[in-house]
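Descriptive analysis of the structure
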Amino acid sequence: MKRRIYTFLVVVTLFVTPVKSYALGECGLSCCLLSAADGISQSDSFAMSLQFEYMKMKTILDGTTEKSPNEVIADKLGTANGAMYKVPTEMIMKKYNLLASYPVSDKLVILGTIPYLVNDMNMRMGMRMMGNVKTSSMSMDTISGIGDISLVGLYTVYEDAEIRPTERVTLGLGLKMPTGKNNTTGSDGRFIHAMMQAGTGSWDPIFVANFYKFLDPIGLQANFLYQLTTEGDEGYEFGNQFAADIIAAYQATDFVNLKLGLNTVITESDKDHDGKYSNRMMSMLDNTNNTGITSVSLSPAVQMKIPDTSGSMEVRYQFPIYQDADGVQQVMDWRLSLSVSMSF
């Protein structure tokens, strides 16, 4: 028992100590798909999972340097009297994900995700008058609705045993569809910020790879996802995204698994081809120069099997240890996710 605990602590230490700063940022689609690759997609029968994610964003970064909202406003306004500029002070993004997997054969599994989003944001507007900057606070109306649905086919190209394999390689190909609304407008009649919309308006190919290795008593997984984004129907194109998870799982008891993930995401800058979402001189969020990010985060988790059932529950907490934003951006402070999964 002592040897097993020591082995787990060694693995945890290896993941926590960053040898090199790779990447992660504000993951969207990648979070739920990679989580599913870690869970229900390995079931040999129909399986479903309900996930709830709560993400808080408050910190503003200029590259890797933290700035306050007032500093960003003052920097942008300069000395021009009458100029105005808006920055976010806090964003709360909640997401409900319904995931389902269906095994078409021993090798092929179809995975589907349906997200429902609830986005809230507080902002601060500054105006320079007579050499002084005056600020006022405001809140956006809550944005909610069905997001973009995704379908992915996962094919097991290799496993060393049909029952309880210790090695497995799975590859996947899928599509994110533009089912979420992406043209919500504000009181001024303009589109609200692209990142606050429930959908994207684009059809995006998805490429997934999963590698599993069991090294008694630790199970290791490496999950990779690449989302090739395309231009949406309103002319906005989110940046391509690469995401990777490395997950170590240790079976502490018959009903409890302890996990630690090293999560990475790299997103490229967005493009607003038709200028419908852009207002660079007035708003930090409506400037595509302030998009694209690399960072690294850790996500400890506890997975609990539900006795006498095929179900399980998981609680996961994610926090960044490195973030480098392109331009000036509000970034993730932490994310909490809860999930319940069941095979039928």
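The structure this text deals with has already been given above.
Given the structure is predicted, the values throughout are model-derived calculations rather than measurements. (Residues numbered from 1 in each chain as written. Predicted model: local features only at pLDDT ≥ 70, side-chain atom pairs only at ≥ 80, totals over all residues. Heavy atoms only, no water.)

1. Notes on the overall build of the protein
A count of helical and extended segments in the protein gives three helices and 17 strands. In the protein, buried positions account for 48% of the 344 residues. Within the structure as shown, the protein displays about 16600 Å² of accessible surface, and the carbon and sulfur contribution to it stands at 59%. (Helix = DSSP H or I, 4+ residues; strand = E, 2+ residues; numbered from the N terminus. Buried < 20%, exposed > 50% of the residue type's maximum accessible area, 1.4 Å probe, protein only. Areas by Shrake-Rupley, 256 points an atom, 1.4 Å probe, with all protein chains shown as cover.)

2. Things to note about the environment of Ser187
Within the secondary structure, Ser187 sits in the loop between strand E8 (167-176) and strand E9 (204-215). Relative accessible area serves as the criterion here: at 85%, Ser187 is assigned to the exposed category. Along the primary structure Ser187 and Asp141 are separated by 46 residues, whereas in three dimensions their C-alpha atoms are 9.8 Å apart.

3. Considering the environment of Ile306
Looking at the element boundaries, Ile306 is found in the loop between strand E15 (293-305) and strand E16 (311-325). In the structure, Ile306 is positioned 36 residues away from Met342 in sequence and 9.4 Å away in space, judged by C-alpha atoms. With near-sequence residues (within four places) excluded, Ile306 lies in contact with Gly311, Ser312 and Met313. (Contact = heavy atoms within 4.5 Å.)

4. Focus: the packing of aromatic side chains
Counted under the stated rule, the structure contains 10 aromatic pairs. Ring centres of Phe224 and Phe242 lie 6.4 Å apart, and the angle between their planes is 25°; on these two criteria the pair is classed as stacked. Here Phe224 is found in strand E10 (residues 218-227), whereas its partner Phe242 is found in strand E12 (residues 241-251), with 18 residues between them in sequence. (Phe/Tyr/Trp six-rings, centres within 6.5 Å; stacked < 30°, edge-to-face > 60°.)

5. Focus on the pairing of strand E3 (residues 84-103)
Put simply, side chains in a regular strand alternate between the two faces of the sheet. Of the strand pairs in this sheet, strand E1 (residues 47-62) and E3 are connected by 11 bridges, and their pairing is antiparallel. Note that in E3 the partner of Tyr54 across the bridge is Lys94. Looking at chain direction, E3 and strand E4 (residues 108-129) are connected through 19 bridges and run antiparallel. Residue pairing in the sheet places Ala100 in a bridge with Gly112 of E4. Between the antiparallel neighbours E3 and E4 lie four residues. (Pairing = 2+ DSSP bridges.)

6. With respect to unusual backbone geometry
Asp216 connects to Pro217 through a cis peptide bond whose omega is 10°. Looking at where Pro217 falls in the secondary structure, it is placed in the loop between E9 and E10. A positive phi is found at Arg164, a non-glycine position, where the angle reads about 50°. Residue position: Arg164 is located in the loop between strand E7 (150-159) and E8. Within the chain, Asp308 stands out as a residue other than glycine whose phi angle is a positive 65°. Assignment of secondary structure puts Asp308 in the loop between E15 and E16.

7. Digging into the nonpolar core
Membership of the largest hydrophobic core is limited to 12 residues, which are Met55, Met57, Met91, Met93, Met121, Met123, Met140, Ile143, Ile192, Met196, Leu285 and Met332. Looking at this core, the elements that each hand over two or more residues are E1, E3 and E4. Apart from residues no more than four positions distant in its own chain, Met140 is found in contact with Met121, Met123, Ile192, His193 and Met196. The next biggest cluster of nonpolar side chains, apart from the first, holds eight residues, and it includes Ile60, Tyr85, Val87 and Met284. (Core = buried A, V, L, I, M, F, W, Y, C linked by side-chain atoms within 4.5 Å.)

8. Thoughts on a nonpolar patch on the surface
Taken together, Phe46, Tyr102, Val104, Ile110, Leu151 and Phe344 make up a surface patch of nonpolar side chains, about 590 Å² in accessible area. With respect to the element layout, Phe344 can be found in the segment after strand E17 (328-343). (Patch = residues over 30% accessible without salt bridge, like charges linked within 9 Å, V, L, I, M, F, W, Y side chains within 5 Å. Salt bridge = Lys/Arg side-chain N within 4 Å of Asp/Glu carboxyl O.)

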